[in-house]
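Structure assessment
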Protein chains: 2
Amino acid sequence: MKVSDKGIYIDGIDKKILRALMEDARTPILEIARNVGISGAAIHQRLKKLEKSGLLAGSKFIINPKVLGYNTMAFVGVYLDKAVSNPEAVKQLQRVPEVIECHYTTGEWSIFIKILSKDNEHLMHLLNTEIQAIKGVSRTETFISLQQQINRQIKV
Amino acid sequence: MKVSDKGIYIDGIDKKILRALMEDARTPILEIARNVGISGAAIHQRLKKLEKSGLLAGSKFIINPKVLGYNTMAFVGVYLDKAVSNPEAVKQLQRVPEVIECHYTTGEWSIFIKILSKDNEHLMHLLNTEIQAIKGVSRTETFISLQQQINRQIKV
DNA sequence: TGTGAAATTCCGCAAAG
DNA sequence: CTTTGCGGAATTTCACA
């Protein structure tokens, strides 16, 4: 049995439910029910509980960017002028759909982003035209992901 | 109308379907059907096509790590000794559940990882005990995400 | 409080046009 | 793409431990 900081109790059955749905959000509840040996209604109620606890943050269809021609992933450390408000820069980054993550980070960069591009040329265009054009961006450092080996959620 | 490199045609209806399901994988097909004005069976046929194209890479329940007490996200650049095989290091990283992403990257690091920890103390433990213990890891550079502002998929 | 079983409503899916 | 129809699933209700 496991207790989180907020007092959510997650037993072995909850874990099995979560693991099945984290793998495939469309797994039928009744199928899970058969696998864990309790009724569908029980699963349903446990899911309600887990949702209410905030642990379940929704479900998403995952699309493969490569099929859309997005073959390059990169991480970019962004240096901002001291004078510029970071939220304003984030607001501008929000308008660039290729920016799929954005963090305020400790260390030498003000902002750290993850970005998807079709190829290196497209990446260069994004950096030189979209990112550098944002007010306050003084410099960027780019790291291209040659291959992603791990991509998962935290273990339950 | 949009054509990807692999010849997948995605029209406006496909986009609406994808956007609905990327937001919530459990959206009933018939609800989408009502919104876009075609029959449920048609949606179903389009989903089959999209799945066959490889664009749909599955669906996942998203869990909120904070509820499990994982409050700190960090990025870690890992330096590996030249002599060590990177795949072996990745294999070891795979065994650390807090490592949720792992990339081979260009630039000064051999490997770049995203990691979740409960707090700074836990992060330190992960770095000093789990990561540094891996054969071939010579040094790490850590950037803590103070706040994540953007987290999304590529736009369809 | 949490569980199981039945009933109802709704959905997913395949076939045929 | 639509309609149709079957099989099965989701969800509610209720009785019980």
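Just so we're clear, the structure is a prediction, and the values are computed from it rather than from any experiment.

**Quick look at helix α1 (residues 12-23) of chain B**
If you check α1 of chain B, its first and last C-alpha atoms are 17 Å apart, about what 12 residues at 1.5 Å a residue would give, namely 16 Å. Listing the buried residues of α1 of chain B in full gives D14, I17, L18, L21 and M22 of chain B. Mapping the buried residues of α1 of chain B onto a view down its axis gives an arc of 125°, with all of them on the same face. Buried-residue contacts for α1 of chain B involve β3 (56-63) of chain A together with β2 (9-10), α2 (29-36), α3 (40-53) and β3 (56-63) of chain B. Backbone nitrogen of I13 of chain B and a side-chain oxygen of the N-cap are separated by 3.1 Å at the start of α1 of chain B; the cap is D11 of chain B.

**Observations concerning the UniProt feature "domain: HTH asnC-type" (unreviewed entry) in chain A**
With numbering matched to this structure, UniProt assigns "domain: HTH asnC-type" (unreviewed entry) to residues 10-71 of chain A. The annotated region residues 10-71 of chain A carries 53% helix and 15% strand content, and the separation between its end C-alpha atoms amounts to 39 Å.

**What about the protein's contact with DNA strand D?**
Taken together, the neighbourhood of DNA strand D is formed by 13 residues, with I29 and L30 of chain A together with S39, Q45 and R46 of chain B sitting nearest. Taken together, the sugar and phosphate atoms account for 65% of what DNA strand D places within 4 Å of the protein. Between a phosphate oxygen of DNA strand D and a main-chain N or O atom of L30 of chain A, the distance comes to 3.2 Å. S39 of chain B is positioned with one of its backbone polar atoms (N or O) 2.6 Å from a phosphate oxygen of DNA strand D. Counting residues per element, the ones that place at least two in the surface near DNA strand D are α2 (29-36) and α3 (40-52) of chain A together with α3 of chain B. Looking at which element gives the most residues to the surface near DNA strand D, the answer is α3 of chain B, with 4 residues.

**As for the protein's contact with DNA strand C**
As a matter of local geometry, DNA strand C sits amid 15 residues, with A41, Q45 and R46 of chain A together with I29 and H44 of chain B nearest to it. The side chain of R46 of chain A places a nitrogen or oxygen atom 2.9 Å from a phosphate oxygen of DNA strand C. Within the backbone of L30 of chain B, an N or O atom sits 3.5 Å from a phosphate oxygen of DNA strand C. Listed by contribution, the elements that provide at least two residues to the surface near DNA strand C are α3 of chain A together with α2 and α3 of chain B. Residues belonging to the surface near DNA strand C are distributed by class as follows: 7 nonpolar, 4 polar and 4 charged.

**Observations concerning the side chain of D14 of chain A**
All names here are of chain A. Among the secondary structure elements, D14 is positioned in helix α1 (residues 12-23). For D14, a relative accessible area of 1% translates into the label buried. Among the polar contacts made by the side chain of D14, one reaches the side chain of K49 at a distance of 3.0 Å. If we skip the residues at most four places from it in the chain, D14 touches Y9, R46, K49 and L50.

**Considerations on the relation of the copies chain A and chain B**
Superposition record for chain A on chain B: RMSD 0.1 Å, screw rotation 180°, translation along axis 0.0 Å. Here the symmetry operator amounts to a two-fold rotation axis. Measuring from the rotation axis to each C-alpha of chain A, the shortest distance belongs to K60 of chain A, at 2.7 Å. Interface overlap between copies: 100% of the residues of chain A at the interface are likewise at the interface in chain B, consistent with a symmetric, same-surface contact.

Parameters and conventions
- Residues numbered from 1 in each chain as written.
- Chains lettered and ligands numbered in written order.
- Predicted model: local features only at pLDDT ≥ 70, side-chain atom pairs only at ≥ 80, totals over all residues.
- Heavy atoms only, no water.
- Helix = DSSP H or I, 4+ residues; strand = E, 2+ residues; numbered from the N terminus.
- Expected span 1.5 Å × (residues − 1).
- Buried < 20%, exposed > 50% of the residue type's maximum accessible area, 1.4 Å probe, protein only.
- Arc of directions from axis to C-beta.
- Contact = heavy atoms within 4.5 Å.
- Polar contact = N/O pair within 3.5 Å; in protein donor to acceptor, adjacent residues only side chain to side chain.
- UniProt positions renumbered as here; feature names shortened; annotations may be inferred.
- Near = heavy atom within 4 Å.
- Nonpolar A, V, L, I, M, F, W, Y, C, P; charged D, E, K, R; others polar.
- Least-squares fit on C-alpha atoms with pLDDT ≥ 70 in both.

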